[in-house]
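Coordinate analysis (summary)
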2 protein chains.
Amino acid sequence: MKFQKNKKYLNRIYSGDAVKVMQQFPDGSVDLIVTSPPYADRRKKQYGGPPPEEYVEWFLPFSREFYRILKPKGSVVLNIKENAIRGERHTYVLELIIAMRKEGWLWVEDYIWHKKNAFPGKWSNRFRDAWEHCLHFTKRKDFNMYQDSVKVKIGDWADGRLKSLGVNDKKRSMSKTNSGFGRQLTNWVGKRKVYPSNVLHLSTISANKNHCAVFPETLPAWFIKLFTRKGNVVLDPFIGSGTTAIAAIKAKRNFIGVDFSKLYSKIANSAVKETIKSIQKTRK
Amino acid sequence: MKFQKNKKYLNRIYSGDAVKVMQQFPDGSVDLIVTSPPYADRRKKQYGGPPPEEYVEWFLPFSREFYRILKPKGSVVLNIKENAIRGERHTYVLELIIAMRKEGWLWVEDYIWHKKNAFPGKWSNRFRDAWEHCLHFTKRKDFNMYQDSVKVKIGDWADGRLKSLGVNDKKRSMSKTNSGFGRQLTNWVGKRKVYPSNVLHLSTISANKNHCAVFPETLPAWFIKLFTRKGNVVLDPFIGSGTTAIAAIKAKRNFIGVDFSKLYSKIANSAVKETIKSIQKTRK
DNA sequence: GTTCCGCATGAATCGATAG
DNA sequence: ACTATCGATTCATGCGGAA
């Protein structure tokens, strides 16, 4: 496999070590890296997920290649969660954030994925784990963010609240706490959509029945809409069953997928082909 | 103020430095410490909330007294959030977790408080911040946890939310959550109550009240039910307007409250008296 | 009593401007 | 160059009074 100038390297699933695959891509060629790296001690067979003590050292070679191939205004989103080990949450995620900042990354935000239908189970010392991090890293403060593309329907409160406005609603009313905060409700009349928060409520249903995806398609789809535009390049170095690539295709972005396992890159590949086929069918 | 053997030191609000107040309590005398310490650079007037770089050093003297006065099977719950500084989330919360583990604490869990009515605002690089940590620390693996006391009705579980919320709230949530969890639902048929997850959905309240609370009463109430029994001792060393004490009283636990500010300890005190009075009225 | 409606409030954050 | 202050932006809730 060689890097080709005519961009034939795009929209493909590679199998192999993601570091080596990424080394073949030029500097600043990717707009968004969104991925769910193997968690410590999980999915050992597939990726050789390292023990938690070695997790940071294991991950840094990946993050260094991320830094090189990411465009200056691009973003990295890591879906990850500290698992419970010997009765405690392990600290490798915290240590990873600190280590990546030392290497030059900006840790802009910690989006929370609230898993509405988290896996059931019962333990004596904890409840079901219903959330995961989506860590947002960038190279620069002025990264690309297209907030309008992920607006959501305004809350039901608006229907009642905005029907009739009082006197104070029509003028700007300043908060008393010196926060400098005020409101002008006239701005809200007719508004149907608002910006979301940093908490994402998504279910863990995976479209692919044969092979469970670690995250639902809606998760990468959301970040793809938020941080890229049509025709941009989205990379997932641990693509698994292909979810990120499918989300990218549906959003008309270019994708690059890598998976260590030959089996999984095959699965991802056929999932990709399936998606393209069904899109072409719809167009007819 | 002196420590007295007949336990007159319980069910009181103290004003002063919490470290010094705690030094007067005996070893292993508290079942639960649940508190919201001042965040970095916030509430400077009230507590002298330290700059983020000094946060860990500032907090460790408190955590050491916590360790001494906490019963072996007791718990500590810290409600805290890293704020955004110069375009990044600051790492002082991560560093605090790592530092407390080095001092012997077990970091058992990171409960997430999802703030449904997060502070509004718009920025080019992030959305509204709608969640906070509730860090759970213990001294031992076999700490006390009374899971049955916080079971929720099966319908409420669908959205992962707690009971005791407004009516509007339930209407809204039901309409939104029709997707996703149908598959698992069959497992739960016949069960009336189920265990919650580690994500708590609560609104901040403070509208039209004399004093503002940093967290809603339901937050400490939940952890009090989960980690203590009737007659146990609950401490909040940064009690503010008294929310934790009120939750403890209503749950028939003993409380100790401390606040650096004389004004706030007065406010907390009168809130406590008000609560006791209204409970006695109900009994008649 | 119950529902409806007015309204004030909140651990916010960034960029520009001033000292 | 570095810090301090200021203005701009924004969503959902519960309380309390009215219908």
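Refer to the structure printed above.
Every value quoted in this text rests on a predicted model; they were computed, and no experiment measured them.

What follows covers the pattern of salt bridges. Counted according to the given criterion, the structure contains 27 salt bridges over all chains. For B:Glu65, the salt bridge goes to B:Arg68, with nearest N and O atoms at 2.9 Å. Of this pair, B:Glu65 and B:Arg68 both sit in helix H3 (residues 55–69), separated by three residues, roughly a single helical turn. Three or more residues are tied together by salt bridges with common partners; here these are A:Lys81, A:Arg89, A:Arg126, A:Asp129 and B:Glu109.

Moving on, we get to the packing of H3(B) against helix H4 (residues 92–102) of chain B. Residues and elements named next belong to chain B. At their nearest, the axes of H3 and H4 sit 10 Å apart, and the two run at 40° to each other. Relative to H4, the element H3 lies oblique. Crossing of H3 over H4 shows right-handed handedness. For the pair formed by H3 and H4, the contact residues are Tyr55, Val56, Phe59, Leu60 and Ser63 on the first element and Tyr92, Glu95, Leu96, Ala99 and Met100 on the second. Class assignment of the residues belonging to the contact of H3 with H4 gives a composition of eight nonpolar, one polar and one charged.

All names here are of chain B. Within strand E2 (residues 30–35), six of the six residues are buried, which leaves the element mostly enclosed by the surrounding structure. Relative to strand E3 (residues 70–80), E2 is paired through five bridges, and the arrangement is parallel. If you follow Val34 over to E3, its bridge partner there is Val77. Summarising the sheet, E2 and strand E11 (residues 233–236) pair through two bridges and their orientation is parallel. Residue pairing in the sheet places Leu32 in a bridge with Val234 of E11.

As a further point, take the sheet that holds strand E3 (residues 70–80) of chain A. Strand-to-strand pairing in sheets goes through backbone hydrogen bonds, with the strands running parallel or antiparallel. All names here are of chain A. Spatial ordering of the open sheet is given by E1-E14-E13-E2-E3-E7-E6-E12, a layout of eight strands whose pairing is mixed. Edge positions in the sheet fall to strand E1 (12–15) and strand E12 (199–202), since each of these pairs with one other strand and no more. With strand direction ignored, the average angle separating the axes of adjacent strands in the sheet is 20°. Alignment of strand E6 (residues 106–115) against strand E7 (residues 131–138), held across eight bridges, turns out to be antiparallel. Bridge pairing links Leu106 to Thr138 in E7. Here helix H9 (residues 262–283) sits on the sheet and contacts E1 and strand E14 (254–259); the angle it forms with E1, its principal contact strand, is near 175°.

A separate point is the relation of the copies chain A and chain B. By a simple turn and slide, chain A fits onto chain B: the slide is 0.0 Å along the axis, the RMSD is 0.3 Å, and the turn is 179°. With respect to symmetry, the two chain copies, as superposed, fit the operation of a two-fold axis. It is A:Leu94 whose C-alpha, among those of chain A, lies nearest the rotation axis, at 2.8 Å. Mapped onto chain B, 91% of the interface residues of chain A are again interface residues, and the two copies thus contact each other with one and the same surface.

Our focus in this paragraph is the side chain of B:Arg126. Along the polypeptide, B:Arg126 turns up in the loop between strand E6 (106–115) and strand E7 (131–138). There is a polar contact of 3.0 Å between the side chain of B:Arg126 and the backbone oxygen of A:Val108. Among the polar contacts made by the side chain of B:Arg126, one reaches the main-chain carbonyl oxygen of B:Gly87 at a distance of 3.1 Å. Once residues lying within four places of it in the same chain are set aside, the contact partners of B:Arg126 are A:Val108, A:Glu109, A:Met145, A:Gln147, B:Ala84, B:Gly87, B:Glu88 and B:Arg89.

What counts, and at which threshold
Residues numbered from 1 in each chain as written. Chains lettered and ligands numbered in written order. Predicted model: local features only at pLDDT ≥ 70, side-chain atom pairs only at ≥ 80, totals over all residues. Heavy atoms only, no water. Salt bridge = Lys/Arg side-chain N within 4 Å of Asp/Glu carboxyl O. Helix = DSSP H or I, 4+ residues; strand = E, 2+ residues; numbered from the N terminus. Axes fitted to C-alpha atoms, helices over the stretch in contact; angles between N-to-C directions. Parallel < 35°, antiparallel > 145°, perpendicular 65-115°, else oblique. Left-handed = near helix turned anticlockwise from the far one by under 90°. Contact = heavy atoms within 4.5 Å. Nonpolar A, V, L, I, M, F, W, Y, C, P; charged D, E, K, R; others polar. Buried < 20%, exposed > 50% of the residue type's maximum accessible area, 1.4 Å probe, protein only. Pairing = 2+ DSSP bridges. Least-squares fit on C-alpha atoms with pLDDT ≥ 70 in both. Polar contact = N/O pair within 3.5 Å; in protein donor to acceptor, adjacent residues only side chain to side chain.

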